[in-house]
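# Summary of the model geometry
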Amino acid sequence: MRTTPTAARSWREHLDACLDAGLTVEGINGEVAPGQWEFQTFAKGAKEAGDQIWLGRFLLERTAEQYGIAVNYECKPVEGRLERLRNAR
């Protein structure tokens, strides 16, 4: 998946902010749809897991603001068969 320089800077900055805040980030990866990224946190216990995802999302919103990027939390924001997007590249 190709990534624009702005997108690469934004997700790296978000990852750094999460790690600086003490979040347990297990991974970050690009998805099939262009511009769609996800990050995974891991914590033991429901309370800690909930706190980590909320803080991670807060940091994501603040980072996105700096780059003029909109955040969408829908799991599949693109309708239709995403395989076509993968094969079109």
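Residues numbered from 1 in each chain as written. Predicted model: local features only at pLDDT ≥ 70, side-chain atom pairs only at ≥ 80, totals over all residues. Heavy atoms only, no water.

Moving on, we come to the confidence of the model for the protein chain. Scored by pLDDT, the protein chain has a mean of 83; 81% of the residues are at 70 or more. The lowest-confidence element of the protein chain is helix α3 (residues 83-88), averaging 57 in pLDDT; the highest-confidence one is helix α2 (residues 46-67), averaging 94. (pLDDT = per-residue confidence, 0-100. Helix = DSSP H or I, 4+ residues; strand = E, 2+ residues; numbered from the N terminus.)

Using the criterion set out here, one finds one salt bridge in the structure. Two residues, R62 and E65, come together in a salt bridge whose shortest N-O distance is 2.9 Å. Within this pair, R62 and its partner E65 are both found in helix α2, separated by three residues, close to a single helical turn. Under the relative-accessibility criterion, R62 is labelled partly exposed at 32%. Given a relative accessible area of 54%, E65 falls into the exposed group. (Salt bridge = Lys/Arg side-chain N within 4 Å of Asp/Glu carboxyl O. Buried < 20%, exposed > 50% of the residue type's maximum accessible area, 1.4 Å probe, protein only.)

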